[in-house]
Amino acid sequence: MALLNEQFFDSKDEMTEYLASLLEDTLSAALKSDGQASMLVSGGSSPAPAYKRLSNLELDWSKVTVAMVDERWVEPTHEKSNEAFINSTLLQNNASSANFVTMKNGAESAEQGRDEVEKQYQTLKQPFDVTILGMGPDGHTASLFPNATGLESALQTEQLVCAINAIESEVTGSITERMSLSLSGIANTQHAILLISGNAKREIYEEAKKDGSELDIPLRAVLGLPDLKLSVFWCP
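The shown structure was predicted, so the numbers you read here are calculated from the model rather than taken from an experiment.

**Focus: the sheet that holds strand E9 (residues 192-197)**
With parallel pairing, 7 strands are arranged side by side in an open sheet as E1-E10-E9-E6-E2-E3-E5. Because the sheet does not close on itself, it has two edges, and the strands there are strand E1 (3-8) and strand E5 (99-101). Across the sheet, the mean angle from the axis of one strand to that of its neighbour is 20 degrees, orientation sign disregarded. Here 6 bridges tie E1 to strand E10 (residues 229-235), and the two strands are oriented parallel to one another. Looking across to E10, one finds that Asn5 is bridged to Ser231. Each of E1, strand E2 (37-41), strand E3 (64-68), strand E6 (130-134), E9 and E10 touches helix H1 (residues 12-34); the most contacted strand, E10, lies at about 155 degrees to it.

**Side note on unusual backbone geometry**
Geometrically, the link from Gln126 to Pro127 is a cis peptide bond, its omega value of -10 degrees lying close to zero. Mapped onto the elements of the fold, Pro127 is located in the loop between helix H4 (110-122) and E6. One non-glycine residue, Ala142, lies in positive phi territory at about 50 degrees. With a phi close to 70 degrees, Asp227 is a non-glycine residue in the positive phi region.

Thresholds applied
Residues numbered from 1 in each chain as written. Predicted model: local features only at pLDDT ≥ 70, side-chain atom pairs only at ≥ 80, totals over all residues. Heavy atoms only, no water. Pairing = 2+ DSSP bridges. Helix = DSSP H or I, 4+ residues; strand = E, 2+ residues; numbered from the N terminus. Axes fitted to C-alpha atoms, helices over the stretch in contact; angles between N-to-C directions. Contact = heavy atoms within 4.5 Å.

Below, the structure is given as structure tokens:
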């Protein structure tokens, strides 16, 4: 079972403030002790305000490498691209000098592009200093979607990344082909942070803590990682 630290906030602003401060402290400590830092980031509305605040910090961003937790297999110019989101929120202002490692390459499919992405991710500082995760109303985290093609392999492989083809749903939208951290990739971090908002997702999270199929609720696999330091932040 992961080493859980659950924190429930009264508002999104309060959660944002705490998250931004935690990320600042984590990156500063890594830069001081190791001379470099690695941060794995998710898309979505929850971390966006913290990313924007973080971008203005006076860190030695040239020694910080930012990489992605998951990505749709679309061009970086696509409106649904997580890379575009990270560029517009985090990699601005002072943080524009950070090193960025993408999860998308020129291969026709995520499956065909996986090995190249794996090589890139193997060059990152490991274990990662911090990994920011989200969770969907279907219990997915990163792009580990319930019963997706590639999910069983993603939960078993020792590689950092995996190719996923999700079952199309309201949660996935029409773009089901993804690149994602594998379960091993998620485990490969000093500190993982899971951001959850709303009562519906809180219920899914509580369900994921119970015994059951990891294929049905993939977050279960993350919660079951032994020795993973996992902070869970929830707000209404």
